[in-house]
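Commentary on secondary and tertiary structure
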Amino acid sequence: MTDHALAPRPAGDPRVTIVMTARERHSLTEAAIDSVAADTSMPYRFVYVDIQSPEWLRESLADRTTERFEVIRIDEPLWPQQARARVIDRITTEYVVFMDNDVQVESGWLDKLVACADETGAGVVGPLYLIGDGVRPPLIHMAGGRLVESATPEGRVLDEKHQLANEDPARVAHTLTRQPCDFVEFHCMLVRTELAREFALDPTIRCVHEHIDVSLSARERGLATWFEPAARISYLALAEFMLEDLPFFRERWSSAESEASISRFCEKWHVLDDARSFGGVRRFVVDHVAQIDPIRPSNRSDAPQSDPMRPDELRQTRSGLLDLATARGYARDELVFIASAYHVAHVLVDGGYRPCGRPFINHLAGTASVLVRYGFRADIVAAGLLHSAYTHSPPHRAGKAAAVAAVCATLGGKGSALERRVRAYTLRESGRDEVAAAPAPSTLSIGDAEILAIVAANEIDMHFSGEIRYCGRTDAVPSDVLELIARTGQVLGVEGLHDSLQWALATHAAVPRDFLSNVQYSYRIGEDRKSAVPMASSARDALMQ
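Source: prediction; values computed, not measured. (Residues numbered from 1 in each chain as written. Predicted model: local features only at pLDDT ≥ 70, side-chain atom pairs only at ≥ 80, totals over all residues. Heavy atoms only, no water.)

**Structural notes on the overall build of the chain**
Scanning the chain from N- to C-terminus turns up 21 helices and 15 strands. Each principal axis of the C-alpha atoms in the chain carries an extent, and together these give about 90 × 60 × 45 Å. Looking at the 545 residues of the chain, the share that counts as buried comes to 52%. Sequence separation of at least 24 residues holds for 77% of the intrachain contacts in the chain that already meet a minimum separation of 6. Taken as a whole, the chain presents about 23,800 Å² of accessible surface, with 52% of it coming from carbon and sulfur. Side-chain charges in the chain split into 59 positive and 76 negative, and the spacing between the mean points of these groups amounts to 4 Å. (Helix = DSSP H or I, 4+ residues; strand = E, 2+ residues; numbered from the N terminus. Buried < 20%, exposed > 50% of the residue type's maximum accessible area, 1.4 Å probe, protein only. Contact = heavy atoms within 4.5 Å. Areas by Shrake-Rupley, 256 points an atom, 1.4 Å probe, with all protein chains shown as cover. Lys, Arg positive; Asp, Glu negative; His and termini not counted. Charge placed at Lys NZ, Arg CZ, Asp CG, Glu CD.)

In structure tokens:
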């Protein structure tokens, strides 16, 4: 390693510079910085590398600038590893801590990392990584990384494992000891600055496996990587994503860039490119994006996404819905999931009719078909099929609370992904009149965007099916909600969703009065076989308990 003499520092001058970069979103940055400020006792310098952050964050960072807090602003798209490599020559302290902007630290974290490096001579040190949402108790994300290397006739295989992943930290506390490991991660990683400057930041390995590259580079130069469990940080992977973070998130986990990083890693470390070495990381990239992005990756760049939907594209039957999903490229397991949701919806609204006289299940299929037309994930399509489960399912003889509990169990239990979306839709729609103003577009979460998409799909079905015209409804989507739907469509890349609704509103034409159903509510036929018994019941109070 090249010897870089550091200028003498006054007593008490920092030995560590913290370099924070955006991992995959911007919305948690302020909380991450505040956590470091609140729970770090030893002296440090702090550098935030601002790569094309939104204006609100730039203003916040500018307000924080002090002698110890520096912002380096770079107005070009860089991956986090490229950003670290760009600024490393400015770091003059003995150690540098690379940190993502979506973590929370615990008191003493930095002291413990530095002590470990001092006492072991480690080139790289990582803490105990916890994972959670910042609200519920976290689990272990990784207690040091392990590489399993093996030689095969085809070449070298390098399999990576997160030790103690998903364990309760309290349950395994007795096993957590300071020890060497094979790699740590950029959620929080202390590195000797000279190592980072000379060898450890390869900007060509920038999307995946860049953290493993650092530890392999250190090992090649006789410097070990250590795990220090006395230092603890929480990676807030499970915290809610904001809609405005989605474009950055999509770019960060580009499949093309992950493949380029894997290719470079294989070339550099002579590793065989197959599922044994990279199956896990490839699954991570695909699954991580699929869990956050409401739009299926294969539909994201389709031309129909920006086009308004035509009324003749609406599908109101099970077969029509599944045929449409098949044509849009949904996989077999997605089709099975949608079919299962249709069955549940059909049972819950059995015998029900819409105000225009069509079977209620046709409306649910129509709503779902709008979501399929725009390539929404199968679980969001399922929520569209079941959006009225809490308000239009049959009454329960034990009362409203029992009816809500039964539906909740049918949807997978409270807090399941499907139940959470149906609950959010129900609470939003039932409480719309109580809200003075819709939230600002900049405050929308991705979860909010999913619910707004179902709202839009619901309205589009009612227009395209003729329901609104033939039952005489005159209520319209409020302008502030239309604005939110428009913004949601822009960010998701499904501008046609809003345009379809606008077209339907603009072309609405009344029918002669004697064609109207004269019913303004969904209903079941009464026992007298003549009367219309309203289906809807308020579930809001029970859901909020």
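**Quick notes on the environment of Val455**
As for its position among the elements, Val455 is in helix α17 (residues 446–464). Here Val455 falls in the buried class, since its relative accessible area comes to 1%. Taking the C-alpha atoms as reference points, Val455 and Ala401, 54 residues apart in sequence, are found 25 Å from one another.

**Considerations on the nonpolar core**
Ranked by internal contacts, the top residues of the largest apolar core, which has 160 residues, are Met99, Trp109 and Phe376. Per-element accounting of this core gives the leading share, 11 residues, to α17. What Trp109 contacts, discounting residues up to four positions off in sequence, is Ile18, Val36, Asp39, Thr40, Val97, Met99, Cys188, Ala231 and Arg232. (Core = buried A, V, L, I, M, F, W, Y, C linked by side-chain atoms within 4.5 Å.)

**Focus: the confidence of the model for the chain**
Per-residue confidence for the chain gives a mean pLDDT of 92, with 95% of residues at or over 70. Low confidence marks residues 1–11, where pLDDT is under 50. Its contacts with residues over four positions away, or in another chain, come to 18 contacts. (pLDDT = per-residue confidence, 0-100.)

**What to know about the pattern of salt bridges**
For the structure on display, the rule yields 48 salt bridges. Note that Arg156 is salt-bridged to Glu149, the shortest N-O span being 2.5 Å. Overall, the relative accessible area of 22% leaves Arg156 in the partly exposed class. Taking relative accessible area as the criterion, Glu149 reaches 35% and is therefore assigned partly exposed. Across the pair Glu210 and Arg252 runs a salt bridge whose closest N-O atoms are separated by 3.6 Å. Here the residue Glu210 occupies a position in helix α6 (residues 210–220), and Arg252 occupies one in helix α7 (residues 246–252), the gap between them amounting to 42 residues. Of the two residues, Glu210 and Arg252, both sit in the buried class. (Salt bridge = Lys/Arg side-chain N within 4 Å of Asp/Glu carboxyl O.)

**Looking at the sheet that holds strand β15 (residues 532–534)**
An order of β13-β14-β15 is seen for the 3 strands of this open sheet, with the pairing classed as antiparallel. Each edge of the open sheet is held by one strand with a lone partner, namely β13 (352–353) and β15. Bridge count for strand β14 (residues 523–525) against β15 is 3 bridges, and the pairing is antiparallel. Opposite Arg524, over in β15, you have Val533 as the bridge partner. (Pairing = 2+ DSSP bridges.)

**Quick look at helix α20 (residues 495–506)**
If you check α20, its first and last C-alpha atoms are 17 Å apart, about what 12 residues at 1.5 Å a residue would give, namely 16 Å. Along α20, the residues that are buried comprise Gly496, Leu497, His498, Ser500, Leu501 and Ala504. Among the structural elements, α12 (360–373), α17 and α19 (479–492) are those in contact with the buried residues of α20. (Expected span 1.5 Å × (residues − 1).)

**Let's talk about the layout of surface pockets**
Approximately 1,600 Å³ is the volume attributed to the largest pocket. At the level of secondary structure, the elements contributing two or more residues to the lining of the largest pocket comprise α3 (80–87), β9 (155–162), α6, α9 (275–292), α16 (417–430) and α17. Examining the composition of the lining of the largest pocket, we find that 8 residues originate from one element, α9, more than from any other. Split into classes, the residues belonging to the lining of the largest pocket amount to 18 nonpolar, 11 polar and 19 charged. Residue lining of the second largest pocket: 31 residues in total, with His392, Tyr425, Glu429, Asn458 and Arg473 positioned closest to the centre. (1 Å grid on protein atoms, 1.4 Å probe; cavity = no way out; pocket = protein on both sides within 12 Å on 5 of 7 lines; lining within 4 Å. Points joined across faces, edges and corners; volume = space filled by probe spheres on them. Nonpolar A, V, L, I, M, F, W, Y, C, P; charged D, E, K, R; others polar.)

**Here we look at the side chain of Ser217**
Mapped onto the elements of the fold, Ser217 is located in helix α6. Of the residues examined, Ser217 reaches a relative accessible area of 2% and is grouped as buried. Reaching out from Ser217, the side chain makes a polar contact with the backbone oxygen of Asp213 at a distance of 2.9 Å. Setting aside anything within four residues of it in sequence, one finds Ser217 in contact with Phe199, Ala200, Lys268 and Trp269. (Polar contact = N/O pair within 3.5 Å; in protein donor to acceptor, adjacent residues only side chain to side chain.)

**Concerning the packing of aromatic side chains**
Taken as a whole and judged by the stated rule, the model has 7 aromatic pairs. Ring geometry for Phe265 and Phe278: centres 6.1 Å apart, planes at 85 degrees, overall edge-to-face. Of the two residues, Phe265 is situated in helix α8 (residues 255–269) and Phe278 in helix α9; the sequence distance between them amounts to 13 residues. Taking the relative accessible area as the measure of exposure, Phe265 reaches 1% and is therefore buried. The class of Phe278 is buried, set by a relative accessible area of 1%. Relative to Tyr523, the ring of Tyr353 has its centre 5.7 Å away and its plane inclined at 20 degrees; by these criteria the two rings are stacked. (Phe/Tyr/Trp six-rings, centres within 6.5 Å; stacked < 30°, edge-to-face > 60°.)

**Quick look at the pairing of strand β1 (residues 16–21)**
Burial analysis of β1 places 6 of its 6 residues in the buried class, which makes it a mostly covered element. Neither face of β1 is open: one carries Val16, Ile18 and Met20, the other Thr17, Val19 and Thr21, and all of them are buried. Two strands pair when backbone bridges link them, and β1 and strand β4 (residues 95–100) are joined in this way by 6 bridges, in the parallel orientation. When the sheet's bridge partners are listed, Met20 is paired in β4 with Met99. In this sheet, strand β2 (residues 45–51) lies alongside β1 in parallel orientation, the contact comprising 4 bridges. The residue of β2 that forms the bridge with Val19 is Val47. Following the chain from β1 across helix α1 (residues 29–38) to the adjacent parallel β2, one finds a crossover that is right-handed. (Right-handed = clockwise from strand over helix to strand, strands pointing away.)

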